[in-house]
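Below, each chain spelled out in residue letters.
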Amino acid sequence: LIEMQKGPMDENPKIREALEKALEYNPSHAMAHMWYASLTDSLDEKLARYRKAYELDPRSPVIGYNIANILMEQGRDREAMEVYGQIVESDPTYYGAYVIAAKVNLKRGRLDEAIRHFEEAYEYSRDLDTGVNLVRVYTDIGDFEASQAWLAKIKDSFLQGFVGYYDWLEYFSYAAVGRGAEGEYLLQNKVSLALNTPDGDDELYENGAAAAYMLGDFDTTIG
């Protein structure tokens, strides 16, 4: 655990050595198996490690969440939902379980169910990513009032470095319901910021170029 605080796990061989020693002393240590899984590159190997950890600690929502994420990545949504049920049974307040259910329902096109589960997840966590997902879903279905309400709810959670991303969310909320003109000031702000920041980073210029393109200002986009 001390070594984990020093930087990326995959760049510090001492972490692997310590976990292997821990498992040698106690092969039944569930969290050691879980942490070791994060050092492996193969999804199948990760999943095997996580499953071993879950066998040892079947009431751990974090281990269950990691298993479900890999299952979703492998397209095994039904199995992921089975794990969701196990997580909720052991800890009905664990927000990650509801994120899993929301994402599976989103893939299946069951948007009402996805929204319900995302809202349950947010209730237990106030997690910014969950709030962003709700903005996106409401934007996709053209519910302007709901998307704006969620934008207002998560605005204070955005750190200074993510304000630009928040602006994109807000603009697309307008554009999705044919009110893009009302949000054009957000695009103009991005263009202005890029043009007036000579030492800006690539992301700043990319955002400015994209905004200029959406405004139909192609000379600025190219320039």
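Residues numbered from 1 in each chain as written. Predicted model: local features only at pLDDT ≥ 70, side-chain atom pairs only at ≥ 80, totals over all residues. Heavy atoms only, no water.

## Thoughts on the overall build of the protein chain
Thinking step 1. Looking only at helices and strands, one finds 13 helices and zero strands in the protein chain.
Thinking step 2. Element order for the protein chain, N to C, with α for helix and β for strand: α-α-α-α-α-α-α-α-α-α-α-α-α.
Thinking step 3. A compact globule built from 223 residues would reach a C-alpha radius of gyration of about 17 Å, whereas the protein chain, at 22 Å, exceeds it by more than 25%.
Thinking step 4. Each principal axis of the C-alpha atoms in the protein chain carries an extent, and together these give about 65 × 40 × 30 Å.
Thinking step 5. Taking all 223 residues of the protein chain together, the buried fraction comes to 39%. (Helix = DSSP H or I, 4+ residues; strand = E, 2+ residues; numbered from the N terminus. Rg over C-alpha atoms; globule rule 2.2 N^0.38 Å. Buried < 20%, exposed > 50% of the residue type's maximum accessible area, 1.4 Å probe, protein only.)

## What to know about the pattern of salt bridges
Thinking step 1. Taken as a whole and assessed by the stated rule, the structure comprises nine salt bridges.
Thinking step 2. Asp77 serves as the salt-bridge partner of Lys107, at 3.0 Å between the closest nitrogen and oxygen. One end of the pair, Lys107, is in helix H6 (residues 95-107); the other, Asp77, is in helix H5 (residues 77-90), and 30 residues separate them in sequence.
Thinking step 3. A salt bridge links Glu182 to Arg179, with the shortest nitrogen-to-oxygen separation between them at 2.8 Å.
Thinking step 4. For Arg179, a relative accessible area of 30% translates into the label partly exposed.
Thinking step 5. Salt bridges sharing partners connect three or more residues here, namely Arg51, Arg76 and Glu79. (Salt bridge = Lys/Arg side-chain N within 4 Å of Asp/Glu carboxyl O.)

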